[in-house]
Amino acid sequence: GKAHKIPSAISALIHLLANCTDKIEPFVSLADELQTTQYYLDIMKLRYGDRFDVTIQVPEHLLECTVPKLVLQPLVENAVFHGLYNITSQGMLEIEASVNRNGDLLLSVLDDGNGIPADKMATILTDAGDAHSTGLRNTHSRIRLYFGEQYGLHIESIQGIGTRVEVVLPLRHKDSIQKANKEELS
């Protein structure tokens, strides 16, 4: 009964795969990262229907900031599969961007799903974490590798209430994308 949605699903899948497999450029604009995340969400909405609503709140002046490629998609995937998957009511997923008091870029992914058990929270970003937290752990490690120990993920979760994953990145603008990509490739 959803045959009319197949062309848009195929298009979203093609764009998502192209962005995921392009190993040439490790940094993109936040606008591009949000577009890749939207392709992923389009596919998930087809799979899960209206089980959750998505809100994206990003000020226009931050859209040209430089971020590591695929920094948001693993967080959104984690929220969908582990936070919102088994809930019985309408779920909520929010993606936000702002500048924190230190002048860093702060990206947030929030869900009102299952939450993360306290024992899992203690190890989720460490090598002791289980296989379900690989995407979070890899994203956290990659950010720290690029920018240093003061950057990375911060997770707050209350079981039965939801989870907030914050990504702290240096505030860098689009003109630094080419420079950052050249440095990474050399």
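Structure: see above.
Residues numbered from 1 in each chain as written. Predicted model: local features only at pLDDT ≥ 70, side-chain atom pairs only at ≥ 80, totals over all residues. Heavy atoms only, no water.

### A word on the side chain of Asp-104
Mapping Asp-104 onto the fold places it in the loop between strand S4 (91–99) and strand S5 (105–111). Once you skip the residues sitting within four places of it in the chain, Asp-104 turns out to touch Ser-98, Val-99, Tyr-151, Val-168, Leu-169, Pro-170 and Leu-171. (Helix = DSSP H or I, 4+ residues; strand = E, 2+ residues; numbered from the N terminus. Contact = heavy atoms within 4.5 Å.)

### Thoughts on the pattern of salt bridges
Oppositely charged side chains can pair when the atoms bearing their charge come close. Counted under the stated rule, the structure contains three salt bridges. Note that Arg-164 and Glu-96 form a salt bridge whose closest N and O atoms lie 3.7 Å from each other. In this pair, Arg-164 is assigned in strand S7 (residues 162–169) and Glu-96 in strand S4, connecting sequence segments 68 residues apart. Overall, the relative accessible area of 24% leaves Arg-164 in the partly exposed class. (Salt bridge = Lys/Arg side-chain N within 4 Å of Asp/Glu carboxyl O. Buried < 20%, exposed > 50% of the residue type's maximum accessible area, 1.4 Å probe, protein only.)

### What to know about the sheet that holds strand S2 (residues 52–57)
Taken together, five strands build an open sheet; the order of strands is S2-S4-S5-S7-S6 and the sheet is mixed. Both outer strands of the open sheet, S2 and strand S6 (152–158), are each paired with one neighbouring strand and no more. Strand after strand, the sheet turns through a mean of 10 degrees between neighbouring axes, direction not considered. The pairing of S6 with S7 spans seven bridges and is classified as antiparallel. Its bridge partner lying in S7, Leu-153 is registered against Val-167. Sitting on the sheet, helix H2 (residues 30–48) is in contact with S2, S4 and S5, with an inclination near 170 degrees to S2. Relative to S4, helix H3 (residues 73–84) is tilted by about 150 degrees, and along the sheet it contacts S2, S4, S5, S6 and S7. (Pairing = 2+ DSSP bridges. Axes fitted to C-alpha atoms, helices over the stretch in contact; angles between N-to-C directions.)

### A closer look at the nonpolar core
Leu-93 and Leu-107 are the most contacted members of the largest nonpolar core, which has 39 residues in total. Contributing elements (two or more residues each) for this core: strand S1 (27–29), H2, H3, S4, S5, helix H5 (134–147), S6 and S7. The greatest single-element share of this core, amounting to six residues, is contributed by H2. Excluding residues within four positions of it along the chain, Leu-107 makes contact with Leu-30, Val-67, Val-71, Leu-72, Glu-96, Ala-97, Val-165, Glu-166, Val-167 and Leu-169. (Core = buried A, V, L, I, M, F, W, Y, C linked by side-chain atoms within 4.5 Å.)

By themselves these figures say nothing about function.
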